[in-house]
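# A look at the structure
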Amino acid sequence: MNNVNGSTQQQTWTQVDDYLNALLIPSDSLLEQALRTNAEAGLPAHDVTPNQGKLLQLLLQIQGATRVLEIGTLGGYSTIWMARALPENGRIVTLEADPRHAEMARTNITRAGLMHKVDLRVGPALTTLPDVQEEYREPFDFIFIDADKPSNPDYLRWALRLARPGSLIIGDNIVRDGEVINANSTDNRVQGVQSFLKLIADNPRLEATALQTVGTKGYDGFVIARVLESPTAK
């Protein structure tokens with residue numbers, strides 16, 4: 001793909017996202033303010049898009065989830081989408097390694113009036129997950145993994161410890177502009193995603209699929225896995 005064609009494709013993908021979002025997802029001042037707050041603070045533009053946020057919200061509602069684990073808070077944009085899907089007694093535990101990002105997330109979530117549903121933990125997820133396991137004895141219904149990709153295999157192992165039969169595990173950013181198929185990639189993010197997907201494929205406790213996506217954030221995709229009642233041979 002040359003640069004001109006690539007630019008044209010990206011413009012089309014963005015325009016289609018804008019059209020679908022305008023048609024299906026009402027304007028939301030609190031969510032829009034969260035994105036502005038994150039941008040003004042210099043946070044990386046790694047938030048899910050509005051249609052992806054809505055997808056997470058719908059999946060939680062379909063699941064009837066009351067207990068959610070999010071690995072990778074950033075500025076709390078996806079956290080707000082998911083917290084809104086929970087009943088008043090629901091809880092989302094969200095883990096953020098960067099204290100500055102966590103501060104922005106707390107500001108955004110508080111402004112949205114949702115902090116009573118959110119347990120925001122600050123510190124590298126692999127150091128805070130043991131505390132989560134100790135304090136939350138009931139399994140999580142829904143686990144969203146959207147953090148540093150080299151650690152994805154470890155995050156999956158933790159997700160399986162903290163899930164129950166029927167829980168959903170979602171992994172974001174798995175296509176990496178198509179680099180996921182590059183067996184010779186030296187990018188540790190790509191390698192992390194490849195190992196993550198292989199672990200999902202090989203685990204008899206999981207059934208899964210993955211979808212490629214295009215849109216405002218370019219070419220990427222996500223994986224969705226369901227924890228089975230009992231291991232089955234594949």
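Residues numbered from 1 in each chain as written. Predicted model: local features only at pLDDT ≥ 70, side-chain atom pairs only at ≥ 80, totals over all residues. Heavy atoms only, no water.

You'll find the protein chain entered in an unreviewed UniProt entry as Methyltransferase, with Paenibacillus xylanivorans given as the organism.

### Some points on the packing of aromatic side chains
Tallied over the full model, the rule gives two aromatic pairs. Taking the centre distance of 6.5 Å and the plane angle of 80° together, the rings of Tyr-77 and Trp-81 count as edge-to-face. You can see Tyr-77 and its partner Trp-81 sitting in helix α4 (residues 77-85), four residues apart, about one turn around the helix. There is no split in this pair, since Tyr-77 and Trp-81 are both buried. Ring centres 5.9 Å apart and planes at 40° place the aromatic pair Tyr-136 and Phe-140 in the tilted group. (Phe/Tyr/Trp six-rings, centres within 6.5 Å; stacked < 30°, edge-to-face > 60°. Helix = DSSP H or I, 4+ residues; strand = E, 2+ residues; numbered from the N terminus. Buried < 20%, exposed > 50% of the residue type's maximum accessible area, 1.4 Å probe, protein only.)

### Quick word on the sheet that holds strand β2 (residues 91-96)
On the basis of which strands lie adjacent, the open sheet formed by seven strands has the order β3-β2-β1-β4-β5-β7-β6 and mixed pairing. Two strands in the sheet have a free side with no partner beyond their single neighbour: β3 (118-122) and β6 (206-215). Across the sheet, the axes of successive neighbouring strands diverge by a mean angle of 15°, strand direction being ignored. Of the strand pairs in this sheet, strand β1 (residues 67-71) and β2 are connected by five bridges, and their pairing is parallel. Each residue of the ladder has a partner; that of Glu-70, found in β2, is Thr-94. (Pairing = 2+ DSSP bridges. Axes fitted to C-alpha atoms, helices over the stretch in contact; angles between N-to-C directions.)

### Overview of helix α5 (residues 99-111)
The end-to-end C-alpha distance of α5, which contains 13 residues, comes to 18 Å, matching closely the 18 Å that a straight helix rising 1.5 Å per residue would cover. Every buried residue belonging to α5 is among His-101, Ala-102, Met-104, Ala-105, Asn-108 and Ile-109, and all of these are buried. Projected onto a plane normal to the axis of α5, the buried residues spread over an arc of 160° and lie on a single side. Those residues of α5 hidden inside the fold are in contact with α2 (29-40), α4, β2 and β3. In the segment just after α5, Gly-113 is the residue with positive phi, at about 70°. (Expected span 1.5 Å × (residues − 1). Arc of directions from axis to C-beta. Contact = heavy atoms within 4.5 Å.)

### Remarks on the pattern of salt bridges
In total, this model carries 13 salt bridges according to the counting rule given. Linking Asp-119 and Arg-121 is a salt bridge whose minimum nitrogen-to-oxygen distance equals 2.9 Å. Take Arg-121: its relative accessible area is 14%, and that puts it in the buried class. Of the charged contacts in the structure, one is a salt bridge between Lys-198 and Asp-202, with a shortest N-O distance of 2.4 Å. In this pair, Lys-198 and Asp-202 both sit in helix α8 (residues 188-202), four residues apart, roughly one turn of the helix. Connected via shared salt-bridge partners are Arg-67, Glu-138, Asp-141 and Arg-164. (Salt bridge = Lys/Arg side-chain N within 4 Å of Asp/Glu carboxyl O.)

### Concerning the side chain of Lys-117
Among the structural elements, Lys-117 can be located in the loop between α5 and β3. Here Lys-117 falls in the buried class, since its relative accessible area comes to 4%. Among the polar contacts listed, one links the side chain of Lys-117 to the backbone oxygen of Ala-83, at a separation of 3.2 Å. (Polar contact = N/O pair within 3.5 Å; in protein donor to acceptor, adjacent residues only side chain to side chain.)

### Observations concerning the pairing of β6
In this sheet, strand β7 (residues 218-227) lies alongside β6 in antiparallel orientation, the contact comprising 10 bridges. Residue Thr-209 lies in a different strand from β7, and its bridge partner there is Ile-224. The hairpin turn running from β6 into β7, its antiparallel successor, is two residues long.

### Topic: the environment of Glu-70
Looking at where Glu-70 falls in the secondary structure, it is placed in strand β1. Given the relative accessible area of 0%, Glu-70 is considered buried. Sequence spacing of Glu-70 and Ala-147 is 77 residues, and the spatial spacing of their C-alpha atoms is 9.1 Å. Excluding its chain neighbours within four sequence positions, the residues that come into contact with Glu-70 are Ser-78, Thr-79, Met-82, Ile-92, Val-93, Thr-94, Leu-95 and Phe-144. Here the side chain of Glu-70 touches Ser-78 through a polar contact of 2.5 Å, side chain to side chain.

### Considerations on empty space enclosed by the protein
The probe, sized like a water molecule, is rolled over the atoms to show the empty space still left. As enumerated under the stated definition, the model contains one cavity of 30 Å³ or more in all. By volume, the largest cavity amounts to about 90 Å³. Residue assignment for the lining of the largest cavity shows that the elements contributing at least two residues are α3 (50-63) and β5 (163-172). Here the lining of the largest cavity gets four residues from one element, more than from any other, and that element is α3. (1 Å grid on protein atoms, 1.4 Å probe; cavity = no way out; pocket = protein on both sides within 12 Å on 5 of 7 lines; lining within 4 Å. Points joined across faces, edges and corners; volume = space filled by probe spheres on them.)

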